[in-house]
Each structure stands twice: as structure tokens, then as C-alpha cells.
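Observations on the model geometry
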Amino acid sequence: MAIEIVPLTERDIPGTVECIQQAFAEDPYFLWVFDPSKFNKQRNSDSLTARCLWGINNALFYVAKETSSDTTATTEGEGSSNPASSSSSSSAAQQQVLGVSCWLPPHPASVPETWYSWFQSWLLSFRQLLTNIRYLGHGGLNTRRYWIWKYRQQEAQEAIWNDPRGYYFCNIVAVRPDAQGKGIGRKLFEVVTDQADKEGVKCYLESSKMVPNVEIYRKMGFEVMRAMDCVDGEDSCKLFCMIRDPKQKL
Ligand SMILES: CC(C)(COP(=O)(O)OP(=O)(O)OC[C@H]1O[C@@H](n2cnc3c(N)ncnc32)[C@H](O)[C@@H]1OP(=O)(O)O)[C@@H](O)C(=O)NCCC(=O)NCCS
């Protein structure tokens, strides 16, 4: 199976959302932060779609697709202004997305946020607000737990982020369950870690799955720097903060 890693386009958003939802269905952090009895999959799709639209312009957002004449022939839906459209061409594009990665570029601590970046974040928040209004709530997201995690994340980054150039931040990496273990995750990582190596910049990620993810990420050059305990009453979720130092290519 030949795989290509390409930047996310609007046409691939439905397949990207489906891939993320499938890959994270059993994720410990996902199960902790969402109440499964109230989880609204359609609302979650709309929220992820807003995140993807933001990511096209503001993140390093890649999809892994199988390279084949069958899939490349399906380009009718290209340029469609409605990424959530359920046309036949768009559902064919959905099937092609086998994996996804979203990275935030490094942001040096000394550089203030640009107006463009501020406006884009505002636009994302506005879209998320509209989603909350349309669905009358957060669709099962436990916002208290979300903020516990954000607080712990800030604490962890203040403790272990010591490089003034900033870090490539792996926000999402997901491979469809039926495509895992075939080298797609590595390809999704390498498109960014190769760039980080050329620039001499560190990478950062968080994983709530000790087994097997921590071992998988070690193979990509990451090391556990800190464990984050997100505690809400009797329920807690542990996340592992991992950092990768740039490698010099021989
Ligand atoms: C974690 C994930 C992105 C990895 O992607 P993948 O395509 O399955 O991984 P790959 O096949 O590219 O394997 C990468 C490396 O890990 C190794 N590996 C894969 N599965 C492994 C396992 N279960 N145990 C140990 N090592 C494993 C591979 O051998 C490979 O090493 P190598 O290239 O040195 O031989 C993917 O499994 C996934 O989406 N999981 C569910 C969602 C998730 O947990 N996302 C991450 C949240 S932080």
C-alpha cells in the first residue's frame, strides 16, 4: 500500500473528522473528558470541522491517503465550499483518509502573537460558540475536566519547556484502527520531525495512553519528561508529556 502525506484541504475534512473519531474512541483522555452517555457525535463532528478549517491556515495539518488511480480519480468534490457536504465524491474522499496529524508551529516566547493569529483564534472561538448555541451545550464535554487539563498542561509546559525557540506541538495524531501498525503514524510524524531536525527545533506531545503509545513515540525519538495527573474527585487521567530533541542527519 503506497501512502502519501499531503496537507489537509476542505475536501478531506469529513474523512479527517471520521478518522479522528474512530482513532480516539477508546482514548483514556477522551473517555475522561467526555461523558459517554451525553456524547453527541454530530456536534463533535461540527466542532472538529471548525478545528480543521482553522488548522488549514494556522497549523501543520496533514492527512495520510492511499495513493491509487481509484482514489485520485475522485476529484469532483474539490473546491466545494461546504466541507460537511455528503455528496458521493466527498464520502469517497472520506474513505481515503487513513491518518491525520495536526501540529502547532513553534512560537518563540519572545515573539508576541500576530493580529492574524489572534483573529484566527477569535474566529475559531466564534465558530465553537455557534456550535454550542446550535446544539444547546457542549455535547457531553465535561468543561470542568477540560479546564483541569488545560491548567495542568500550562503547569507542565512552564516546568519543561525551556527552549526559547519554542516547540513543534503535536496537537492531534490519529490513524484509523484498521490502518494502524502499518507505518502510517511514522510517516505522519516524519513530515514534521524531519523539518524540526533541519531547523534544530524540539517537538512536544502528550499521550494519555501509556501502552502502546509511549513506546511508539520513543521509537520516533520522544522521551517522557513529566507525567500530568488530571484529578477530578475520584476520577483521574494521567497524561505523559514527551519531548523530542532534534537529530542531526548523518
Ligand atoms: C499512535 C498511532 C498514531 C501510531 O500510528 P501507527 O500507524 O499505528 O504507527 P506505525 O505503524 O507508524 O508505527 C510506528 C512505530 O511504532 C511501532 N509500533 C507500532 N505499534 C506498536 C505497538 N503496539 N507496540 C510497540 N510498538 C509499536 C512500529 O513498529 C513502528 O516502529 P519502527 O518504525 O521503528 O518499526 C496510532 O496507533 C493511533 O492513531 N492510535 C490511536 C489514537 C491515539 O492514541 N492517538 C495518539 C494520541 S496521543
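Note that the coordinates shown come from a computational prediction; the quantities given were computed from them, not determined experimentally.

**Some thoughts on the overall build of the protein**
On a plain count of helices and strands, the protein comes out with 9 helices and 7 strands. A burial count over the protein gives 30% of its 250 residues as buried.

**A word on helix α6 (residues 115-134)**
The terminal C-alpha atoms of α6 lie 28 Å apart, and with 20 residues this matches the ideal 28 Å at 1.5 Å per residue to within 8%. Within α6, only 0 of the 20 residues are buried, which leaves it mostly out in the open. Following α6 by one or two positions, L136 has its phi on the positive side, about 55°.

**Observations concerning helix α8 (residues 184-199)**
Compared with an ideal rise of 1.5 Å per residue, which puts 16 residues at 22 Å, α8 spans 23 Å between its outermost C-alpha atoms and is within 8% of the ideal. Bending of α8 peaks at approximately 35° at the position of E190. Those residues of α8 not exposed but buried are I184, G185, L188, F189, V192, T193 and A196. Looking one or two residues past α8, G200 carries a phi angle of roughly 70°, positive in sign.

**Remarks on the pairing of strand β7 (residues 235-244)**
One ladder, built from 5 bridges, connects strand β5 (residues 202-207) with β7; its direction is antiparallel. If you follow S207 over to β7, its bridge partner there is F240. Note that strand β6 (residues 222-232) and β7 share 10 bridges and pair antiparallel. Each residue of the ladder has a partner; that of A227, found in β7, is F240.

**Quick word on the environment of R127**
Summarising the element assignment, R127 is placed in helix α6. The partly exposed category is assigned to R127, around which 17 C-beta atoms lie within 10 Å.

**What about the site of the ligand?**
Around the ligand, a shell composed of 20 residues is seen, among which Q180, G185, R186, S207 and P212 lie nearest. Every element with two or more residues in the shell around the ligand is listed here: β4 (167-175), α8 and α9 (210-219).

**Structural notes on the confidence of the model for the protein**
When pLDDT is averaged across the protein, the result is 89; 88% of the residues are at 70 or more. Within the model, the stretch residues 70-94 combines pLDDT values under 50 with 33 contacts to residues more than four positions away or in other chains.

**Brief notes about the sheet that holds β7**
Pairing between sheet strands relies on hydrogen bonds along the backbone, with the strands arranged either parallel or antiparallel. The strand order across the open sheet built from 7 strands is β1-β2-β3-β4-β5-β7-β6, with neighbouring strands paired in mixed fashion. The sheet is open, and its two edges are formed by β1 (3-7) and β6, each paired on a single side. Each neighbouring strand pair of the sheet contributes to a mean axis angle of 25°, computed without reference to strand direction. Pairing between β1 and strand β2 (residues 60-66): 5 bridges, direction antiparallel. Residue pairing for β2: V6 is matched across the bridge by V63.

**Quick look at unusual backbone geometry**
The residue after V211, namely P212, is reached through a cis peptide bond having omega 0°. With respect to the element layout, P212 can be found in helix α9. The backbone phi angle of L136 is positive, close to 55°, even though this residue is not glycine. Within the secondary structure, L136 sits in the loop between α6 and α7 (143-160).

**What to know about the packing of helix α3 (residues 41-58) against α6**
Packing of α3 against α6 leaves a shortest axis separation of 10 Å and a crossing angle of 170°. Comparing the axis directions of α3 and α6 gives the class roughly antiparallel. For the pair formed by α3 and α6, the contact residues are R43, D46, S47, A50, W54, N57 and N58 on the first element and S117, Q120, L124, R127, Q128 and T131 on the second.

**Description of the packing of helix α1 (residues 13-23) against α3**
When two helices pack together, their arrangement is captured by the angle between the axes and the distance separating the axes. It is the contact of α1 with α3, at a shortest axis distance of 10 Å, that shows an interaxial angle of 120°. Taken together, the axes of α1 and α3 are oblique relative to one another. Crossing geometry of α1 relative to α3 is assigned as right-handed. Every residue of α3 that contacts α1 at I13, T16, V17, I20 and Q21 is listed here: K41, N44, S45, L48, T49 and C52. The class makeup of the residues in the contact of α1 with α3 is 5 nonpolar, 5 polar and 1 charged.

Calculation notes
Residues numbered from 1 in each chain as written. Predicted model: local features only at pLDDT ≥ 70, side-chain atom pairs only at ≥ 80, totals over all residues. Helix = DSSP H or I, 4+ residues; strand = E, 2+ residues; numbered from the N terminus. Buried ≥ 20, exposed ≤ 12 C-beta atoms within 10 Å, placed from the backbone. Expected span 1.5 Å × (residues − 1). Bend = angle between axes of the 7 residues up to and from the residue. Pairing = 2+ DSSP bridges. Near = placed C-beta within 6 Å. pLDDT = per-residue confidence, 0-100. Contact = placed C-beta atoms within 7 Å. Axes fitted to C-alpha atoms, helices over the stretch in contact; angles between N-to-C directions. Parallel < 35°, antiparallel > 145°, perpendicular 65-115°, else oblique. Left-handed = near helix turned anticlockwise from the far one by under 90°. Nonpolar A, V, L, I, M, F, W, Y, C, P; charged D, E, K, R; others polar.

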